[in-house]
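Remarks on the overall topology
Below, each chain spelled out in residue letters.
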Amino acid sequence: MRKNSIKNTRINGEVQKELSTIIRNEVKDPRIHPMTSVMAVEVAPDLKTCKAFISVLGSKEAKDATIQGLNKAEGYIRRQLAKNLNLRNTPEIRFILDESIEYGVNMSKLIDDVTRRDASLGKSEEE
């Protein structure tokens, strides 16, 4: 099975949906921030490993605590995943902090600042 096959894409979507449900409703670790979402999932073609990209809305400490909590609960999450999905193998899950949303927001703020500065310079030159 190729990495970008239709079957692999479908499995990625199902695993992402189940992971987000399990993390939101079933994991009771207090370290896991309530504003945690599963941004993307990449399951290997052999179904042995899985990378779960996690986004956390909060401080740096909340992000670190959430990743630690998810790593500690990996066995429970994997068992629930096996129970809910009918896969040949249940993949080992690696949780990776995804900071692309914060990066995008920061870039947008920088662009807005530059356009405001250019607009104010343009007005002062006209006068």
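Residues numbered from 1 in each chain as written. Predicted model: local features only at pLDDT ≥ 70, side-chain atom pairs only at ≥ 80, totals over all residues. Heavy atoms only, no water.

**Some remarks on helix H2 (residues 60-72)**
When the terminal C-alpha atoms of H2 are compared, their 18 Å separation across 13 residues agrees well with the 18 Å that a helix rising 1.5 Å per residue should span. Residues of H2 that are buried: Ala-62, Lys-63, Thr-66, Ile-67, Gly-69 and Leu-70. Down the axis of H2, the buried side of the element spans an arc of 160°, and every buried residue falls inside it. More than 90 degrees from the buried face of H2, the exposed residues found are Lys-60, Glu-61 and Lys-72. (Helix = DSSP H or I, 4+ residues; strand = E, 2+ residues; numbered from the N terminus. Expected span 1.5 Å × (residues − 1). Buried < 20%, exposed > 50% of the residue type's maximum accessible area, 1.4 Å probe, protein only. Arc of directions from axis to C-beta.)

**Structural notes on the pairing of strand E2 (residues 49-56)**
With six of eight residues buried, E2 is to be regarded as a mostly interior element. Here strand E1 (residues 36-43) runs beside E2; their pairing, made up of seven bridges, is antiparallel. Directly across from Val-41, in E2, lies its bridge partner Ala-52. Between E1 and the antiparallel strand that follows it, E2, lie five residues; Leu-47 among them carries a positive phi value of about 65°. Sheet topology note: the E2/strand E3 (residues 92-97) ladder contains six bridges and is parallel. For Cys-50, the partnering residue across the bridge sits in E3 and is Ile-93. (Pairing = 2+ DSSP bridges.)

**Things to note about the nonpolar core**
Counting 23 residues, the largest nonpolar core has Val-15, Leu-19, Ile-23, Ile-54, Ile-77 and Phe-95 as the members making the most contacts within it. Going through the elements one at a time, helix H1 (6-25), E1, E2, H2, helix H3 (74-84) and E3 are the ones with two or more residues in this core. The leading source of residues in this core is H1, at five residues. Not counting residues within four places of it along the chain, the set of residues in contact with Ile-54 comprises Ile-23, Thr-36, Ser-37, Val-38, Ile-67, Leu-70, Phe-95, Ile-96, Leu-97 and Asp-98. (Core = buried A, V, L, I, M, F, W, Y, C linked by side-chain atoms within 4.5 Å. Contact = heavy atoms within 4.5 Å.)

**Focus on the layout of surface pockets**
Roughly 160 Å³ of internal volume is contained in the largest pocket. Glu-42, Ala-44, Thr-49, Cys-50 and Lys-51 are the residues nearest the centre of the largest pocket, which is lined by eleven residues in total. Going through the elements one at a time, E1, E2 and E3 are the ones with two or more residues in the lining of the largest pocket. (1 Å grid on protein atoms, 1.4 Å probe; cavity = no way out; pocket = protein on both sides within 12 Å on 5 of 7 lines; lining within 4 Å. Points joined across faces, edges and corners; volume = space filled by probe spheres on them.)

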